[in-house]
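Coordinate inspection notes
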Amino acid sequence: MKPTMLQNYAEGKWVAGAGAPAELRSAIDGAVVALTSSQGLDFAGMLQFARQRGGPALRKLTFHQRALILKALAEALTAKKEALYELSYQTGATKADSWIDIDGGIGTFAVYQGKGRRELPNDTILIDGAVEALSRGGAFQGLHVFTSLQGAAVHINAFNFPVWGMLEKLAPTLLAGLPAIVKPASATAYLTEAAVRIMLEAGVLPEGALQLIVGGTGDLFDHLTSQDVVSFTGSAATAAKLKTHPVIVRESVRFVAEQDSLNASVLGPEVSPESPEFDLFVKEAVKEMTVKAGQKCTAIRRLLVPAPMIDPVQAALAARLENIVIGDPRDEATRMGALVSVAQREDVREKIAEIARDGAIVYGDPGLEIANAKGAFISPVLLRCERPWQARAAHDVEAFGPVSTLMPYKDADDAIALANRGKGSLVMSAFTYDTEFARTLVLGAGAFHGRLAFIDRDSAKESTGHGSPMPQLVHGGPGRAGGGEEMGGVRGVTHYMQRTALQGHPRVLSAIVGRYVAGMPVQKASEHPFRRKFHDLPIGYQLTTKAREITLQDIEHFAHFTGDTFYAHMDEAAAAANPLFGGRVAHGYLILAFAAGLFVDPDPGPVLANYGLDNLRFVKPVKPGDAIQVALTVKDKTLRKPDQGEVRWDVVVTNRDGETVAAYDLLTMNAA
Ligand code: NAP
């Protein structure tokens, strides 16, 4: 097969790099599968193109429109994923491995497009948190907002997940309104290039929103500014070099690093070979060693087990590893494919030798030639380190292959201290049924880990496992793991935006964010708001109802009708002894129900459904004889379909003295 010359996508064009290209070889048989070069690219021009074309076009779109782009890209990738699977074999990945990379990547887009439309506004400004009162009279208030950065995101990815690695960074970046320049690791760049082609061919990305570099980054870093973000995944050594680049330091360029990690998994102190957690631990350990041939940043490198369990665990691991068929990833029987390259295998062998100085290899032979001699195959290798406190390499050296080290611990504190010797990890898992141990682990090891997964007999079946970073959850870890955070749902979007504190009159704040801010001038309803369609309801449109008295008879009637005869509503003596009430009070739900009775306009109209309340607070008790009145104000609006939109109403219920007794947001779906 003739190797493909990979192309860069720079300033709106596919271009091959100049000079002698680098050869990218198949992990399976060493044949050259692609040639690559980025020489001659105008890197400053690429950044300018992103900033001047991609950024402004993306920033014009609302979060919902950007989310729809992600949706279309996910659909385009799904439609053509078979071609990606075919290429992926050359990276040494089995079909199951490729599923994590390709379908996992597409799934990340799917999650982000959904979150973008559900959790982000149909706007270009994102509010962060609540309005902060800054003055007694309420004429000067504070609010935090996020706006899109005005530069470019430079994504530098590792070789092990050529598709997922790109998409998990791209999803939050594009949603944030920032264009991206993607630089995949050379070893597997042919797969990333193919995925980029599919996305560009979908024709939904604005020009300049996505560019690709296949090869070195040249002088790109020299042209970065404070509006750019570098998101890096790879080795700690490269991260250290890049994040100390003088321009990164001088311009305070955001640098997000995901790097090495000596992840641990702990078998609970209470677990015996008969416990379900014992088998679950062994299965997961073998899975983590062999999926992607152990080339996963989240793979378990250190297996911490109670000292009396080390022999049974070792025996069970060896028995399972024995069944792992290693070979050509295209064969259905194969359970573990190859490392990405022969060079990577050499690196793994060297690292195993280093770790072995802290103990011994108890399963596997790293020198064994397996399957195709020209491929990068290696046996899984289990090491055992009897004295983990004397060990160094076992806690410091990451062999990025099917390699794990078994070590004993004495008690919970010892397990925690050993886990923390990884000096900061992406993930730790614990196989335990003991919830007290789980809490102790969180308190003792949380500060050293980006994610903690507790797996037991009740969760195992549905568990996403130790090694899978989920788009909804934070991926990243402190210290050695890089100190960065990616994904984590909407949190990941804000990594590519600037948070700004705003101060001003509620009228100004409201106009900026397009949302009602209490204290702003309202528009008194000229007709009942329930008679108005979605688009005819301005923010701040307010209905104030008449007052309604609440009698003792109302309370009794409500109590018997609903069955809620709680003493505070029904028993004068008991309610009088209650320090909060000092006598009978109306039910909170009665106040809600009566409030609805006051503000609802009964006839059929544009309000289609009431679908919930948010932030409900009963602020003050309402006693029999008092009266309530409601202010219903249009707070926020989100179009959900061309003909329907969600209206968020600010509801404030006051008593005869004008004091707030209840406040909440009411959500209705309205015809547009
Ligand atoms: P690497 O050598 O550090 O390379 C990572 C990326 O950096 C590649 O795209 C590489 O491009 C690029 N790069 C290297 N030198 C550069 C420079 N001077 N300027 C700009 N870019 C540069 O890491 P690797 O060996 O490919 O990946 C394996 C390592 O990544 C392991 O240590 C693993 O722990 C880590 N990893 C971490 C995570 C995580 O999420 N924390 C995930 C996966 C992997 P070229 O390929 O073109 O050199």
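All of these numbers come straight from a predicted model, not from anything done at the bench.

1. Here we look at the overall build of the protein chain
On a plain count of helices and strands, the protein chain comes out with 20 helices and 29 strands. Projected onto its principal axes, the C-alpha coordinates of the protein chain cover approximately 90 × 60 × 45 Å. Burial status across the protein chain gives 55% buried among its 672 residues. Of all intrachain contacts in the protein chain linking residues separated by at least 6 positions in sequence, the fraction that spans at least 24 positions is 73%. Only carbon and sulfur atoms are counted for the fraction: they give 53% of the accessible area of the protein chain, which is about 27,700 Å². Treating the 68 positive side-chain charges of the protein chain as one cloud and the 74 negative ones as another, the clouds have centres 5 Å apart.

2. Some remarks on unusual backbone geometry
One non-glycine residue, Glu11, adopts positive backbone phi at about 50°. Mapped onto the secondary structure, Glu11 falls in the loop between strand E2 (8-10) and strand E3 (13-15). On the basis of relative accessible area, Glu11 is assigned to the partly exposed category, the value being 29%. Here Lys292, not a glycine, exhibits a phi torsion of approximately 55°, which is positive. Summarising the element assignment, Lys292 is placed in the loop between helix H9 (276-290) and strand E14 (302-306).

3. Here's the deal with the sheet that holds strand E22 (residues 497-504)
The sheet built from three strands is open, its strands ordered E6-E7-E22 with antiparallel pairing. Each end of this open sheet is capped by a strand with a single partner; those strands are strand E6 (126-133) and E22. In this sheet, adjacent strand axes meet at a mean angle of 20° when their direction is disregarded. Where strand E7 (residues 141-148) meets E22, eight bridges bridge the pair, whose relative direction is antiparallel. Pairing of Phe146 across the sheet is with Arg499, part of E22.

4. A word on the site of the ligand
Taken together, 25 residues form the shell around the ligand, and within it Asn157, Ser186, Ser235, Thr238 and Glu398 come nearest. Ser186 is positioned such that a nitrogen or oxygen atom in its side chain is 2.6 Å from an oxygen atom of the ligand. For the ligand, whose accessible area on its own is 900 Å², the fraction buried by protein is 80%. Put simply, the parts of the chain that give the shell around the ligand at least two residues each are strand E11 (229-233) and helix H7 (236-243). The element that contributes the greatest number of residues to the shell around the ligand is H7, accounting for three residues.

5. Side note on the side chain of His466
Considering the arrangement of structural elements, one finds His466 in the loop between strand E19 (449-455) and strand E20 (474-475). A distance of 2.8 Å separates the side chain of His466 from the backbone oxygen of Thr298, its partner in a polar contact. At 2.7 Å, the side chain of His466 and the side chain of Ser429 are in polar contact.

6. Considerations on the domain arrangement of the protein chain
Taken as a whole, the protein chain is organised into domain 1 (4-124 + 152-259), domain 2 (263-470) and domain 3 (522-671). Each of domain 1 and domain 3 has a C-alpha centre, and the two are 50 Å apart.

7. Let's talk about the packing of aromatic side chains
Considering all chains together, one arrives at nine aromatic pairs under this definition. With a centroid separation of 5.6 Å and an interplanar angle of 75°, the aromatic rings of Phe161 and Trp164 are classed as edge-to-face. According to the relative accessible area criterion, Phe161 is buried, its value standing at 7%. Overall, the relative accessible area of 9% leaves Trp164 in the buried class. Consider the rings of Phe530 and Phe599, whose centres lie 6.3 Å apart with planes at 70°: the pair is edge-to-face. Of this pair, Phe530 sits in the loop between strand E23 (523-524) and strand E24 (541-544) while Phe599 sits in helix H20 (residues 588-599); the two residues are 69 residues apart in sequence, bridging distant segments of the chain.

8. A look at the pattern of salt bridges
Counted under the stated rule, the structure contains 34 salt bridges. Note that Lys80 is salt-bridged to Glu201, the shortest N-O span being 3.7 Å. With Lys80 in the loop between helix H2 (63-79) and helix H3 (81-88) and Glu201 in helix H6 (residues 189-201), the pair connects residues that are 121 residues apart, well separated along the chain. Notably, a salt bridge pairs Asp396 with Lys423, separated by 3.5 Å at the nearest N-O pair. Separated by 27 residues along the polypeptide, Asp396 in helix H12 (residues 393-396) and Lys423 in the loop between helix H13 (412-420) and strand E18 (425-431) bring together distant segments of the chain.

9. Overview of the nonpolar core
If you look at the biggest cluster of nonpolar residues, it comprises 61 residues, and the most contacted ones within it are Leu267, Val313 and Leu317. Per-element tally for this core: the top contributor is H9, with seven residues. Split by domain, this core shows at least three residues from each of two domains, domain 1 (4-124 + 152-259) and domain 2 (263-470). The contacts of Val313, once residues within four sequence positions are left out, are Leu267, Phe278, Phe281, Val305 and Leu406. Counting 58 residues, the second-largest nonpolar core is a separate cluster that includes Ile106, Leu170, Leu175 and Leu178.

10. What about the sheet that holds E18?
An order of E15-E16-E17-E14-E13-E18-E19 is seen for the seven strands of this open sheet, with the pairing classed as mixed. At either end of the open sheet lies a strand with only one pairing partner, and these are strand E15 (360-363) and E19. Across the sheet, the axes of successive neighbouring strands diverge by a mean angle of 25°, strand direction being ignored. Sheet topology places strand E16 (residues 381-384) next to strand E17 (residues 403-409); four bridges connect them, and they run parallel. When the bridges of E17 are listed, Arg384 appears paired with Leu406. The sheet contacts of helix H11 (residues 342-356) involve E15, E16 and E17, and relative to E16 the element is tilted by about 20°. Where helix H14 (residues 435-445) meets the sheet, it contacts strand E13 (264-267), E17, E18 and E19, and its direction lies at approximately 170° from that of E19.

11. Some details on the packing of H13 against H14
Running from N to C, H13 and H14 point in directions that differ by 40°, and their axes come no closer than 10 Å. Taken together, the axes of H13 and H14 lie oblique to each other. Crossing angle aside, the handedness with which H13 passes H14 is right-handed. For the pair H13 and H14, contact is made by Ala412, Ile416 and Asn420 and by Phe437, Thr440, Leu441, Gly444 and Ala445, respectively. Looking at side-chain class alone, the contact of H13 with H14 contains five nonpolar, three polar and no charged residues.

12. Comments concerning helix H10 (residues 310-322)
A rise of 1.5 Å per residue sets the reference length of H10, with its 13 residues, at 18 Å; its end C-alpha atoms lie 18 Å apart and thus fit the reference within 8%. Along H10, the residues classified as buried are Ile310, Val313, Gln314, Leu317 and Leu321. One side of H10 carries all its buried residues, which in axial view fall inside an arc of 100°.

Definitions and cut-offs
Residues numbered from 1 in each chain as written. Predicted model: local features only at pLDDT ≥ 70, side-chain atom pairs only at ≥ 80, totals over all residues. Heavy atoms only, no water. Helix = DSSP H or I, 4+ residues; strand = E, 2+ residues; numbered from the N terminus. Buried < 20%, exposed > 50% of the residue type's maximum accessible area, 1.4 Å probe, protein only. Contact = heavy atoms within 4.5 Å. Areas by Shrake-Rupley, 256 points an atom, 1.4 Å probe, with all protein chains shown as cover. Lys, Arg positive; Asp, Glu negative; His and termini not counted. Charge placed at Lys NZ, Arg CZ, Asp CG, Glu CD. Pairing = 2+ DSSP bridges. Axes fitted to C-alpha atoms, helices over the stretch in contact; angles between N-to-C directions. Near = heavy atom within 4 Å. Polar contact = N/O pair within 3.5 Å; in protein donor to acceptor, adjacent residues only side chain to side chain. Domains from an automatic or database assignment. Phe/Tyr/Trp six-rings, centres within 6.5 Å; stacked < 30°, edge-to-face > 60°. Salt bridge = Lys/Arg side-chain N within 4 Å of Asp/Glu carboxyl O. Core = buried A, V, L, I, M, F, W, Y, C linked by side-chain atoms within 4.5 Å. Parallel < 35°, antiparallel > 145°, perpendicular 65-115°, else oblique. Left-handed = near helix turned anticlockwise from the far one by under 90°. Nonpolar A, V, L, I, M, F, W, Y, C, P; charged D, E, K, R; others polar. Expected span 1.5 Å × (residues − 1). Arc of directions from axis to C-beta.

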